Amino acid sequence: MSVALITRHLQESFLDEFVQYYLNEGIDSIYILQDVDGTAELPNRPNVHIIQSRSFAANQLYDVNQLYTQIRPLHTWFIFVDCDEFISCVNEEKDKTIRDMLFSTYKDVDCIMIPWVMMACNHREKNPPSLLQGIVHRWDHDKKHPHSKKWKKGRCRYDEIEVKSIFKGEAASKIDIHHPRAYKERIMAIDSVYNNAKPIRPLYKGLHETEIAHARMLCFHYRIFSKEECARKLEGSKLAGYKEASFADLWVTDYAEKEETFLREKSIRQFGRKTNADKMDINTRSTI
């Protein structure tokens, strides 16, 4: 039984850290759909597979599902995340890996829907040496956040927030951005907060600080790394949702309202401290 991860790479920074993180979570194979125009240096590991993708501009999911169809018989579980999304076991399950949970707690489940927690760079000018160790703030999910109505990706997420899913290949024949599609007749799907059975949908209703404190798994979303990265992300973007955005639209969503050091501490335990990754007090501790 094995776990596979699929991601799309559009020259985002920190790809090697992303790969290293998920391999440490017990992922057996990582499949990277690389933008054909990309020039980034990609990880060279036997369990990391690079596939050139030509569909980013026209249809972001075409190559994803072409690949998924090919590898679906090879693995038990699948994860489809972007390179800035880090799923982790948290709270009472914080010492477990993703793999631990899939083959124990979730062995009889078909799909786990894991809500985002929105990270923030606290108006950092340049990228840190380490994403996980350098970005140590997030939104306060008990607060409502103003947003530009013209840019939907920057919307307030007080009422509902996106999920990312981990699912069994036998239960789904296609992948959408936030969850699988074309399910088997009786699919067992739950959320990763209270492990409640739920219909599969792209959004989790009412993720606030109480839910974060009770969650079994969360997906930490590092949309904003720095001013430098925001500018790069918007320049000639091929992704729907960013083409119409201005720098101001993206930057205003850097709500660095709560210190969040959970993944920083986890990264230091696993990989050692990155020199000058941040300037924060190393005695600060996570609330998760």
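Our subject is the structure that appears above.
Keep in mind it's a predicted model, so treat the numbers as computed, not measured.

K.L.:
Can you tell me about the overall build of the chain, naming the residues and giving the values?
P.N.:
Helix and strand counts for the chain come out as eight helices and 14 strands. Going through the 288 residues of the chain one by one, you find that 56% of them count as buried. Within the chain, residue pairs in contact and separated by at least 24 positions form 73% of the contacts whose partners lie at least 6 positions apart. As presented, the chain carries roughly 13000 Å² of accessible surface, and 48% of it is formed by carbon and sulfur atoms.

K.L.:
Account for the nonpolar core, naming residues and giving values.
P.N.:
Judged by nonpolar contacts, the single largest core of 81 residues is most densely connected at Ile6, Tyr22, Ile87, Ile166, Phe220 and Tyr222. Among the elements that line this core, the one with the most residues is strand S6 (residues 111–120), at eight residues. Once residues lying within four places of it in the same chain are set aside, the contact partners of Ile6 are Tyr31, Leu33, Val64, Leu67, Tyr68, Ile71, Ile79, Phe80, Val81 and Ile175.

K.L.:
Run through the pattern of salt bridges, naming residues and quoting values.
P.N.:
Side chains that carry opposite charge are capable of pairing whenever their charged atoms lie near each other. Scanning all chains against the criterion turns up 16 salt bridges. Two residues, Arg157 and Glu162, come together in a salt bridge whose shortest N-O distance is 2.8 Å. Note on Arg157: relative accessible area 3%, which makes it buried. The class for Glu162 is buried, based on a relative accessible area of 9%. Of the charged contacts in the structure, one is a salt bridge between Arg181 and Asp176, with a shortest N-O distance of 2.6 Å. Via salt bridges that share partners, Arg138, Glu209 and Glu260 belong to a single interconnected network.

K.L.:
I'd like a description of the environment of Val117, backed by residues and values.
P.N.:
Among the structural elements, Val117 can be located in strand S6. On the basis of relative accessibility, which here comes to 0%, the residue Val117 falls in the buried class. For the pair Val117 and Leu207, spaced 90 residues apart in the sequence, the C-alpha separation amounts to 8.7 Å. If sequence neighbours within four positions are ignored, Val117 has contacts with Arg138, His141, Leu207, Ile212, Leu218, Cys219, Phe220 and His221.

K.L.:
Hey, could you go over the environment of Cys111 for me, with residue numbers and the actual values?
P.N.:
With respect to the helices and strands, the residue Cys111 is situated in strand S6. Given the relative accessible area of 0%, Cys111 is considered buried. Ignoring anything within four residues of it in the chain, the contact list for Cys111 reads Ser165, Ile166, Phe167, Pro180, Ile187, Met188, Ala189, Ile190 and Ile200.

Cut-offs and rules
Residues numbered from 1 in each chain as written. Predicted model: local features only at pLDDT ≥ 70, side-chain atom pairs only at ≥ 80, totals over all residues. Heavy atoms only, no water. Helix = DSSP H or I, 4+ residues; strand = E, 2+ residues; numbered from the N terminus. Buried < 20%, exposed > 50% of the residue type's maximum accessible area, 1.4 Å probe, protein only. Contact = heavy atoms within 4.5 Å. Areas by Shrake-Rupley, 256 points an atom, 1.4 Å probe, with all protein chains shown as cover. Core = buried A, V, L, I, M, F, W, Y, C linked by side-chain atoms within 4.5 Å. Salt bridge = Lys/Arg side-chain N within 4 Å of Asp/Glu carboxyl O.

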